[in-house]
Amino acid sequence: MYTASFLYMGGDPDVKNKRDVRQFAIIGLGRFGSNMAKALTKMGYEVLAIDKNMERVQEFSNEFTHVVQADATDENALRELGILNFDVVVVAIGEDMQANVLTTLQLKEIGAPYIVTTARDALQIKLLEKIGADRVVSPERDMARRVAYNLASTSVMDYIELSPQFSIVEIAVPAAFQDKTLMESDIRAKYGINVVAIKRHDDLIISPRPTERLQKGDVAIVVGSNDGINSLEELK
Ligand code: ATP
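Rules used in this analysis
- Residues numbered from 1 in each chain as written.
- Predicted model: local features only at pLDDT ≥ 70, side-chain atom pairs only at ≥ 80, totals over all residues.
- Heavy atoms only, no water.
- Axes fitted to C-alpha atoms, helices over the stretch in contact; angles between N-to-C directions.
- Helix = DSSP H or I, 4+ residues; strand = E, 2+ residues; numbered from the N terminus.
- Parallel < 35°, antiparallel > 145°, perpendicular 65-115°, else oblique.
- Left-handed = near helix turned anticlockwise from the far one by under 90°.
- Contact = heavy atoms within 4.5 Å.
- Nonpolar A, V, L, I, M, F, W, Y, C, P; charged D, E, K, R; others polar.
- Expected span 1.5 Å × (residues − 1).
- Buried < 20%, exposed > 50% of the residue type's maximum accessible area, 1.4 Å probe, protein only.
- Pairing = 2+ DSSP bridges.

A. Structural context of the packing of helix H6 (residues 97-110) against helix H7 (residues 122-131). Remark: H6 packs on H7, axes separated minimally by 9 Å, with the N-to-C direction vectors making an angle of 20°. Classified by the angle between their axes, H6 and H7 sit roughly parallel to one another. Read as a crossing pair, H6 and H7 show a hand that is right-handed. Along the contact surface, H6 presents Met97, Asn100, Val101, Thr104, Leu105 and Lys108, while H7 presents Gln124, Leu127, Leu128 and Ile131. In terms of residue class, the contact of H6 with H7 is built from six nonpolar, three polar and one charged.

Below you can see the structure in the form of structure tokens.
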């Protein structure tokens, strides 16, 4: 078992000294956990990766800032790893739901500042929320919904659910809005939707002005209620 002092020996000192840098701990190096750790590492963050399986630890030993072997259901092991020093702890133990729940519970009990945990179905989501996980993600469900949305709609190109009521969607600008300015389209007042960006050929117009005129072929990135987005989709 490695101790907390070990955790702070590695890494780029410049990265560590930046106050806005967030440190992440990922528990469970299955597909979801390891891919998340890879993505965060690529973005330049420090990542502590934990898995109880030594083979997994060895497999990723050179990929992340620190890779350690520990059983995350053990409160003392979590404390020894200095887990409370991490801004975000992700519990990505998929298969073994009991270990997932126990780990989340232990993290909550010892006061981890922000816990993200993974669930496979609605009941697990409910349970983990009750325990006090700050965010519960359901990778299979979220991805399935995203792809389904994309396949079912001719205008929606991409979709991110912000909450059960609100989403961000990339949508082909309906013909009814072409050659109109954003103000003339009245999209905010009529549908409660904000256009956060417009993709036009290779350009990305961020926070477009109300005077921006929509063109044929434009793709709008919008944020709003699912009801508003559905109404927008129905426009031709
Ligand atoms: P996917 O590969 O789709 O992400 P998954 O999340 O179900 O699937 P698993 O194969 O369950 O992935 O992997 C979870 C990882 O969590 C495994 O590497 C396993 O060794 C690890 N793990 C399981 N229990 C614990 C525990 N108590 N403490 C730390 N790691 C654990």
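B. View of H6. End to end, H6 covers 20 Å across 14 residues, agreeing with the expected 20 Å (1.5 Å per residue, within 8%). When H6 is considered as a whole, its buried residues turn out to be Met97, Ala99, Asn100, Val101, Thr103, Thr104, Gln106, Leu107 and Ile110. Where H6 is buried, its residues contact strand E1 (23-27), helix H5 (75-80), strand E4 (88-91), strand E5 (115-118) and H7. In the segment just after H6, glycine 111 is the residue with positive phi, at about 95°.

C. Broad picture of the pairing of strand E9 (residues 194-200). The pairing of E9 with strand E11 (residues 219-225) spans five bridges and is classified as antiparallel. By the bridge assignment for E11, isoleucine 198 is matched with alanine 220. Where E9 lies against strand E10 (residues 203-206), four bridges are found, and the strand directions are antiparallel. Paired with lysine 199 across the bridge in E10 is leucine 204. Linking E9 to E10, which pair antiparallel, is a turn of two residues; within it histidine 201 sits at a positive phi near 50°.

D. Just the sheet that holds strand E3 (residues 66-69), in detail. Sheet architecture is open: six strands sit in the order E3-E2-E1-E4-E5-E6, paired in parallel fashion. The open sheet is flanked by E3 and strand E6 (135-137), the only strands paired with a single partner. With direction set aside, neighbouring strand axes in the sheet form an average angle of 20°. Sheet topology note: the E1/E4 ladder contains four bridges and is parallel. Bridge pairing in E4 places alanine 25 opposite valine 89. The strands touched by helix H3 (residues 31-42) are E1, strand E2 (46-51), E4, E5 and E6; relative to E1, the strand with the most contacts, the crossing angle is about 165°. The strands touched by H6 within the sheet are E1, E4 and E5, with E5 carrying the most contacts at an inclination of about 170°.

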